[in-house]
Amino acid sequence: MLRLVSLKLGRLYRYVKLAVLGSLAAALVLNTHSLLASLQRNELSERRFLQLNKCPACWGTSWCRKFLNGQLRLESWGRLRLLDFFNVKNVYFARYGEPREGSRRVVLKRLGSAQELADIDTKICRRATGRGRCDLLQALPATEFASLNGDVRLLTPGAVEGWSDLVHCPSQRLLDRLVRRYAETKDSGSFLLRNLKDSERMQLLITLAFNPEPLVLQSFPSDEGWPFAKYLGACGRMVAVNYVGEELWSYFNAPWEKRVDLAWQLMEIAEQLTNNDFEFALYLLDVSFDNFAVGPRDGKVIIVDAENVLVADKRLIRQNKPENWDVWYESKFDDCDKEACLSFSKEILCARVTVDHNYYAICQNLLSRHATWRGTSGGLLHHPPAEIAKEGRLEALLDECANPKKRYGRFQAAKELREYLAQLSNNIR
């Protein structure tokens, strides 16, 4: 009976797939002329495609000259608007050309689906007028995004706390860093909010409220060793970041030696984001194989989706001493039946100095046998060589890191796992 049901479902899936492909083929034939036209023109130089008319309810304008001058061009299939139906995340690959540097690949992001971007407009209108539709440019001055005008000296925690994961529990030190490193202004380097133009302030605040990923990349830049993709610039509601390489998922069945090295790097990232000289703890609230990529030349693992990053200021926690601030916090294992599950309390992440969340997230969702993604299980370190499997140490460390049996077991297991993976990697080399 079960076999019969599975066969029927398999046939149904094939029929649906064929129907979708057939519809696409028909659409391609019927729209041949418009498709050829779209392949010939460069939409990245069009203000409407960039949604430049939405500014200052946008992400920035620092790269508008490059976009409008035609220095960026979508890669072949990216020019077909018909395929936007499948591009739910609104992520595009493009070529960026400089006369002296030649051409290189970049990633363009709208930072939200079409519906999410429409919701931004609706929320702005409702906050300003009480209605769902309005003239954005006229409505913005009546919102909180314009209330921090040129007379305001600093961006303070009370003004933006809780707007997004990045500022769920902001410190003044963090906000000064965000303003000082804001890349969508010519006056970068100053932490004074009043030094920004009115439009720049609104862009900064709207980005902070709706999708703070660009601010994470700017404030914790790859040039300084942080494991994030490099931010390049924005135009309207299109952000450009450096292309890193294939996503981590494409290495799921790579040779064992490669997977060991990637796993070690992932644990090093967890350590760096948790403990660093700046005393900012950056907690990854969304961890999946799609959120990391690997450089093709250096093999370096980089975070390419930083929308859901919570930053806690350890100095502020030590200063304020909230209840149990110095008690080590152990994240609870989440044995759910969905992909990329994580269990966490933002309030606790904001109130403890020592937290194992990043180790837990990496071990559970990427490395251990509990990791599930796209119908697979076993994590990145699945099917180890016979001698390593027989020894049992790797499996024991992964299990303790994902679902600890001893008090503070994850902290010790994460430390030993980093050392063990480094040893395995060195032995392989």
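Analysis parameters
Residues numbered from 1 in each chain as written. Predicted model: local features only at pLDDT ≥ 70, side-chain atom pairs only at ≥ 80, totals over all residues. Heavy atoms only, no water. Pairing = 2+ DSSP bridges. Helix = DSSP H or I, 4+ residues; strand = E, 2+ residues; numbered from the N terminus. Contact = heavy atoms within 4.5 Å. Axes fitted to C-alpha atoms, helices over the stretch in contact; angles between N-to-C directions. Parallel < 35°, antiparallel > 145°, perpendicular 65-115°, else oblique. Left-handed = near helix turned anticlockwise from the far one by under 90°. Disulfide = S-S within 2.5 Å. Buried < 20%, exposed > 50% of the residue type's maximum accessible area, 1.4 Å probe, protein only.

Draft legend 1. Seen up close, the sheet that holds strand β6 (residues 246-247). Here we have 3 strands laid out as an open sheet, ordered β6-β8-β9, and antiparallel in their pairing. Single-partner strands in this sheet number two, and they are β6 and β9 (301-303). One ladder, built from 3 bridges, connects strand β8 (residues 292-294) with β9; its direction is antiparallel. Across the sheet, residue Phe292 finds its bridge partner in β9, namely Ile303. Those strands touched by helix α12 (residues 256-274) are β8 and β9, and its axis lies near 45 degrees from that of β9.

Draft legend 2. Structural view of the packing of helix α15 (residues 357-367) against helix α17 (residues 393-402). At a minimum axis distance of 8 Å, the contact between α15 and α17 shows a crossing angle of 120 degrees. Considering the angle they form, α15 stands oblique to α17. Note that α15 runs across α17; the crossing there is left-handed. Of the residues in α17, those touching α15 at Tyr359, Tyr360, Cys363, Gln364 and Leu367 are Leu398, Cys401 and Ala402.

Draft legend 3. Molecular detail of the state of the cysteines. Inspection of every chain in the model, using the stated rule, returns 5 disulfides. Between the sulfur atoms of Cys169 and its disulfide partner Cys350 the distance amounts to 2.1 Å. Negative torsions about the S-S bond denote left-handed disulfides, and the value of about -80 degrees found for Cys169 with Cys350 makes this one left-handed. In this pair, Cys169 sits in the loop between α8 (157-160) and α9 (172-180) while Cys350 sits in the loop between α14 (346-349) and α15, placing the two residues 181 residues apart along the sequence. Neither Cys169 nor Cys350 differs from the other in exposure class; each is buried.

Draft legend 4. Layout of unusual backbone geometry. The linkage connecting Cys55 with the following residue, Pro56, adopts the cis geometry, with an omega of 10 degrees. Locating Pro56 in the fold gives a position in the loop between α3 (47-50) and α4 (64-68). Phi at Asn324 takes a positive value of approximately 60 degrees, unusual for a residue other than glycine. Of the residues examined, Asn324 reaches a relative accessible area of 39% and is grouped as partly exposed. Here Tyr408, not a glycine, exhibits a phi torsion of approximately 60 degrees, which is positive. Inspection of the secondary structure puts Tyr408 in the loop between α17 and α18 (409-428). The class of Tyr408 is partly exposed, set by a relative accessible area of 23%.

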